[in-house]
Amino acid sequence: MKAKLNLKEQQTVVDLWAAAGAFKHQTDRLTKETSPWEKIDWSKARGEVKRLQRRIAQAVRDKRWGKVRVLCRILTRWRPAKWLAVQRVITNKGARTPGMDNVLWRTPQQYWEAAQSLRRRGYRARPLRRVYLLKRNGKLRPLGIPTLTDRAMQALYALALEPIVESRADPNSYGFRPYRSTHDAIEQLVICLSRKCSGQWVLEGDIKACFDEIGHQWLLEHVPMDREVLRQWLKAGFVEKGQLFPTQIGRAHV
């Protein structure tokens, strides 16, 4: 047997149903709204950035260094390049690991706002968050984790540096090079070592603690990019157990 509701209780039920309907309408409206990030034509954006990179590479080959600087400045301030920089960060497997600010980008709107915030003016690199990874030999390897904003800025400037480096790099170097793989290195080894006059020995060399000991001044003088931004990455330091440790030598962010 159903209990009858008095007038006040009936009004409360009506108000609850009205509130539920308004909430559903608001939720549906927000769901239908799309962020500008979801409207980006990625094929067009990549094509535009590639065209500008080709102009940078051609200027390097022509040794027109003033034009190289101007084109690099344009690229690092260009919206399609900023979109690609953020996309590179969020599609990396470390995208869910925050830096010292504990900030993560989770939604298309946050991706869009992050891309819009990538500006040279007012930029300040944050210290890295120091963690340790266990190696196979049982030792711990230190690892510095930048903030997502710093990673995106690095990816942005890497887009400008890539055509310069690829135009001047050793043709037979294969490590950390785009569009090159281990198979390319093996092919070159076969070409060099399969001749009758080829050498009989292969010598392997390594620079001990190269990245940990490299001088900041040398990098500032030889890396063709905005020196102030590079200096911030080099001097950012790292945070471990709540304490800031400055970096005087070696790479922090780079």
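Just above, that's the structure.
So, how was this worked out
Residues numbered from 1 in each chain as written. Predicted model: local features only at pLDDT ≥ 70, side-chain atom pairs only at ≥ 80, totals over all residues. Heavy atoms only, no water. Helix = DSSP H or I, 4+ residues; strand = E, 2+ residues; numbered from the N terminus. Expected span 1.5 Å × (residues − 1). Buried < 20%, exposed > 50% of the residue type's maximum accessible area, 1.4 Å probe, protein only. Contact = heavy atoms within 4.5 Å. Pairing = 2+ DSSP bridges. Axes fitted to C-alpha atoms, helices over the stretch in contact; angles between N-to-C directions. Salt bridge = Lys/Arg side-chain N within 4 Å of Asp/Glu carboxyl O. Parallel < 35°, antiparallel > 145°, perpendicular 65-115°, else oblique. Left-handed = near helix turned anticlockwise from the far one by under 90°. Nonpolar A, V, L, I, M, F, W, Y, C, P; charged D, E, K, R; others polar. Phe/Tyr/Trp six-rings, centres within 6.5 Å; stacked < 30°, edge-to-face > 60°. Lys NZ or Arg CZ within 6 Å of the ring centre and 35° of its normal. Lys, Arg positive; Asp, Glu negative; His and termini not counted. Polar contact = N/O pair within 3.5 Å; in protein donor to acceptor, adjacent residues only side chain to side chain.

Here helix α4 (residues 79-90) contains 12 residues, and its C-alpha end-to-end distance of 17 Å stays within 8% of the 16 Å for a straight helix at 1.5 Å per residue. Counting buried positions along α4 yields 9 of 12 residues, so the element is predominantly enclosed. Summarising the contacts, the buried residues of α4 are in contact with α2 (42-61), α3 (65-76), α5 (108-116) and α6 (148-168).

A positive phi angle is found at K63, which is not glycine, with a value near 60°. Of the residues examined, K63 reaches a relative accessible area of 63% and is grouped as exposed.

We now examine the pairing of strand β2 (residues 140-145). Two elements, strand β1 (residues 128-134) and β2, share 6 bridges in a ladder whose sense is antiparallel. Within β2, the position partnered with L134 by the bridge is L140. As consecutive antiparallel partners, β1 and β2 are separated by 5 residues, and within that stretch G138 has a phi angle of approximately 90°, a positive value.

On to the sheet that holds strand β4 (residues 243-245), then. Across the sheet, 4 strands lie side by side as β2-β1-β3-β4; this open sheet has mixed pairing. Edge positions in the open sheet fall to β2 and β4, since each of these has one partner strand only. Neighbour-to-neighbour, the strand axes of the sheet open up by a mean angle of 40°, direction not taken into account.

The next thing to look at is the pattern of salt bridges. This structure, assessed with the given rule, holds 3 salt bridges. In this structure, the salt-bridge partner of R120 is D226, at a minimum N-O distance of 2.7 Å. You can see R120 sitting in the loop between α5 and β1 and its partner D226 sitting in the loop between α9 (216-222) and α10 (227-235), a full 106 residues away along the chain. Accessibility expressed as a relative area gives 28% for R120, which makes it partly exposed.

Turning our attention to the pairing of β1. Where β1 and strand β3 (residues 238-240) come together, 2 bridges link them in parallel fashion. Considered in β3, the bridge of R129 is made with V239.

The N-to-C vectors of α3 and α6 enclose an angle of 150°; their axes lie 8 Å apart at closest approach. Between α3 and α6, the angle falls in the class roughly antiparallel. α3 and α6 meet at a crossing whose hand is right-handed. Residues W65, V68, C72, L75 and T76 of α3 pack against L156, Y157, L159, A160, I164 and R168 of α6. Of the residues contributing to the contact of α3 with α6, the split by class is 9 nonpolar, 1 polar and 1 charged.

Here the focus is the packing of aromatic side chains. One pass over the structure, following the stated rule, counts 5 aromatic pairs. When the ring of W37 is compared with that of W42, the centres are 5.0 Å apart and the planes differ by 70°; the resulting orientation is edge-to-face. By the ring-pair criterion, three or more aromatic residues cluster together here, those being W37, W42 and Y111. We note R130 situated over the ring of F238; from NZ or CZ to the ring centre the distance is 3.7 Å.

Right, let's talk about the side chain of D150 for a bit. Structurally, the position occupied by D150 is in helix α6. The buried charged residue D150 lacks any salt bridge, with R126 as its nearest oppositely charged partner at 6.3 Å. Only 2.5 Å separates the side chain of D150 from the side chain of Y123, close enough to count as a polar contact.

Honestly, it's all geometry; don't read function into it.
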